[in-house]
Amino acid sequence: MTVKRSVSLPDDVADWLDQQPNVSAAITAAVRVQMARVHLDEVLRRAGIEVTEAGRARWRERLATPIPAEALAEGRRMLGRAG
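This section reports on the structure supplied with the text. (Residues numbered from 1 in each chain as written. Predicted model: local features only at pLDDT ≥ 70, side-chain atom pairs only at ≥ 80, totals over all residues. Heavy atoms only, no water.)

1. Quick look at the overall build of the protein
Now for step 1: Each helix and strand in the protein was counted, giving four helices and zero strands.
Now for step 2: The helix and strand sequence of the protein, counted from the amino end, reads α-α-α-α.
Now for step 3: The C-alpha radius of gyration of the protein comes to 20 Å, more than 25% above the 12 Å expected for a compact globule of 83 residues.
Now for step 4: Along the first, second and third principal axes, the C-alpha set of the protein runs to 55 × 35 × 30 Å.
Now for step 5: Going through the 83 residues of the protein one by one, you find that 7% of them count as buried.
Now for step 6: Surface accessibility of the protein: about 7,800 Å² in total, with carbon and sulfur atoms responsible for 59%. (Helix = DSSP H or I, 4+ residues; strand = E, 2+ residues; numbered from the N terminus. Rg over C-alpha atoms; globule rule 2.2 N^0.38 Å. Buried < 20%, exposed > 50% of the residue type's maximum accessible area, 1.4 Å probe, protein only. Areas by Shrake-Rupley, 256 points an atom, 1.4 Å probe, with all protein chains shown as cover.)

Structural data, given as structure tokens:
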């Protein structure tokens, strides 16, 4: 089932949507990402982990750093022994 909605958007968002080949698909994908994030935050809260913007920023910075080749090789060796 699908439902039609009318929304008001900031100019930059409307401009971006105007460039998309399928506006409904673009909006659906964006909303589903947000839904997943909210769900993940709730799961983490239930596990006793409070998600904060500062914490997100720390993880973004940490994950932006490439994994050293030696660490990747060691991980692959460990997976090979486990399987």
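2. Some details on the side chain of Asp-41
Now for step 1: Turning to its location among the elements, Asp-41 is positioned in helix α2 (residues 23-46).
Now for step 2: Other than its neighbours up to four places away in sequence, Asp-41 contacts Val-51 and Arg-56. (Contact = heavy atoms within 4.5 Å.)

3. Topic: the layout of surface pockets
Now for step 1: In this structure, the largest pocket occupies an estimated 430 Å³ of space.
Now for step 2: Its residues assigned to classes, the lining of the largest pocket comprises six nonpolar, three polar and three charged.
Now for step 3: Size it by volume and the second largest pocket reaches roughly 190 Å³.
Now for step 4: Arg-37, Leu-44, Ile-49, Glu-50, Val-51, Thr-52, Gly-55, Arg-56, Arg-58, Trp-59 and Arg-60 are the residues that line the second largest pocket.
Now for step 5: For the lining of the second largest pocket, the leading source of residues is helix α3 (residues 53-64), giving five residues.
Now for step 6: Of the residues belonging to the lining of the second largest pocket, the class tally is four nonpolar, two polar and five charged. (1 Å grid on protein atoms, 1.4 Å probe; cavity = no way out; pocket = protein on both sides within 12 Å on 5 of 7 lines; lining within 4 Å. Points joined across faces, edges and corners; volume = space filled by probe spheres on them. Nonpolar A, V, L, I, M, F, W, Y, C, P; charged D, E, K, R; others polar.)

4. Quick notes on the environment of Ala-30
Now for step 1: With respect to the helices and strands, the residue Ala-30 is situated in helix α2.
Now for step 2: As a C-alpha pair, Ala-30 and Glu-50 span 20 residues in sequence and 24 Å in three-dimensional space.

5. Re a nonpolar patch on the surface
Now for step 1: There is a patch of nonpolar side chains on the surface, built from Val-23, Ile-27, Val-31 and Met-35 and spanning about 330 Å² of accessible area.
Now for step 2: Its location among the elements puts Ile-27 in helix α2.
Now for step 3: Overall, Ile-27 belongs to the partly exposed group, its relative accessible area being 34%. (Patch = residues over 30% accessible without salt bridge, like charges linked within 9 Å, V, L, I, M, F, W, Y side chains within 5 Å. Salt bridge = Lys/Arg side-chain N within 4 Å of Asp/Glu carboxyl O.)

Just geometry here; none of it tells us what the structure is for.
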